[in-house]
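What the coordinates show
So the chains spell out like this:
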Amino acid sequence: MPSARELKDRLFAAINSHDLYEVMDCYAPDAVYISPAGIAEGHEQIAWAYEDLCKVFPDIYYTAWYKAPCEDPAFTEYTMTGTHMGALLLPGGGVAPATGRRITVRGSCACAVENGKIVTDRDYYDQLELYSQLGINLEPPPQS
């Protein structure tokens, strides 16, 4: 069975080729994917998260630049690049229209595997860095 490291490498390759079937084949049916955008549980929600990512950034590409020397869990530091070409959901339910701007955002992730599939995948990147590169200014909530 593949290790977490092998599966995470396979997942990055599937994301980079925008192959949703291959992306989903990396995950267990009841997997949980956690990112700054929210929590996705199970294949349906995880598939939606990746479909949306590829709509917002149709040329999304992950470059791993550090892979911790352990098999499971797999820890990876990466750079995510892409062009903002679709509506981006914002905290609080707002939407940022496409800007056509390029992004380069650093992140890290950790995933764990059971029975040859990813069961938990935790992805962390700096949302403020992303929003700043897109020219998005978040407004504080109204004072009560």
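Residues numbered from 1 in each chain as written. Predicted model: local features only at pLDDT ≥ 70, side-chain atom pairs only at ≥ 80, totals over all residues. Heavy atoms only, no water.

1. A look at the overall build of the chain
To keep it simple, the criterion reads: Only DSSP runs of H or I reaching four residues or more are called helices, and only runs of E reaching two or more are called strands; each is numbered from the N terminus. Using C-alpha atoms as the atom set, the radius of gyration is obtained and then compared with a globule rule of 2.2 Å times the number of residues to the power 0.38. Burial classification: accessible surface area is computed with a 1.4 Å probe over protein chains only, and a residue below 20% of its type maximum counts as buried, one above 50% as exposed, and the rest as partly exposed. By the convention used here, residues are in contact when the closest approach between their heavy atoms is within 4.5 Å. A 1.4 Å probe and the Shrake-Rupley method give the accessible areas. Residues count as covered only by the protein chains that appear here.
When its secondary structure is counted, the chain shows four helices and eight strands. The order of helices and strands in the chain, counted from the N terminus, is α-α-β-β-α-β-β-β-β-β-β-α. Its C-alpha atoms give the chain a radius of gyration of 15 Å, near enough to 15 Å, the size a compact globule of 144 residues would have. Judged by the C-alpha coordinates and their principal axes, the chain covers about 50 × 30 × 25 Å. With 144 residues in all, the chain has 43% of them scored as buried. A separation of at least 24 residues holds for 56% of the contacts in the chain among residues at least 6 apart in sequence. In the structure as shown, the chain presents an accessible area of about 8000 Å², 56% of it carried by carbon and sulfur atoms.

2. Side note on the sheet that holds strand β8 (residues 117–125)
The test is simple: At least two bridges found by DSSP between two strands are what make those strands a pair. Comment: axis = line fitted to C-alpha atoms, over the contacting stretch for helices; angle = value between 0 and 180 degrees taken between N-to-C directions.
In space, the six strands of this open sheet follow the order β2-β1-β8-β7-β4-β3, with mixed pairing throughout. Two strands lie at the open edges of the sheet, namely β2 (38–41) and β3 (61–67), each paired on one side alone. Taking the axes of each pair of neighbouring strands and ignoring which way they run, one obtains an average angle of 20 degrees across the sheet. Packing of helix α3 (residues 42–56) onto the sheet brings it into contact with β1 (27–35), β2, β3, β4 (74–83) and β8, and relative to β1 it is tilted by some 50 degrees.

3. What about the pattern of salt bridges?
Here is the rule we go by: Salt bridges, as used here, are contacts in which a Lys or Arg side-chain nitrogen is within 4 Å of a carboxyl oxygen on Asp or Glu.
Taken as a whole, this structure holds eight salt bridges when the rule is applied. For Glu22, the salt bridge goes to Arg10, with nearest N and O atoms at 2.4 Å. Here Glu22 is found in helix α2 (residues 20–25), whereas its partner Arg10 is found in helix α1 (residues 4–16), with 12 residues between them in sequence. We classify Glu22 as partly exposed; its relative accessible area is 27%. Arg10 gets classed as partly exposed once you look at its relative accessible area, which sits at 26%.

4. Structural notes on unusual backbone geometry
Glycine aside, residues mostly have negative phi, and peptide bonds are mostly found in the trans state. You will see that His18, though not glycine, has its phi angle at about 55 degrees, which is positive. On the accessibility criterion, His18 (33% relative accessible area) is partly exposed. The phi dihedral of Asn115 is positive, around 55 degrees, even though this residue is not glycine. Within the element layout of this structure, Asn115 appears in the loop between β7 (102–114) and β8.

5. As for the pairing of β3
Pairing of β3 with β4 involves six bridges; the strand directions are antiparallel. Looking at the pairing, Ala64 lines up with Tyr78 of β4. The hairpin formed by β3 and β4 contains six residues between the paired strands.

6. Some words on the side chain of Glu129
Under the convention used in this document: N or O atoms closer than or at 3.5 Å make up a polar contact, with two conditions inside protein: a donor-capable atom paired with an acceptor-capable one, and, for residues adjacent in sequence, both atoms drawn from side chains.
Relative to the assigned elements, Glu129 resides in helix α4 (residues 127–134). In terms of polar contacts, Glu129 uses its side chain to reach the side chain of Arg106, at 3.1 Å. When residues no more than four places from it in sequence are discounted, the contact partners of Glu129 are Thr104, Val105 and Arg106.

7. Considering the nonpolar core
Keep this limit in mind: Buried residues of nine kinds, namely Ala, Val, Leu, Ile, Met, Phe, Trp, Tyr and Cys, make up a nonpolar core once their side-chain atoms join them within 4.5 Å.
With 41 residues, the main nonpolar core has Tyr27 and Tyr50 as its most contacted residues. Elements represented by at least two residues in this core include exactly α1, α2, β1, α3, β4, β7, β8 and α4.

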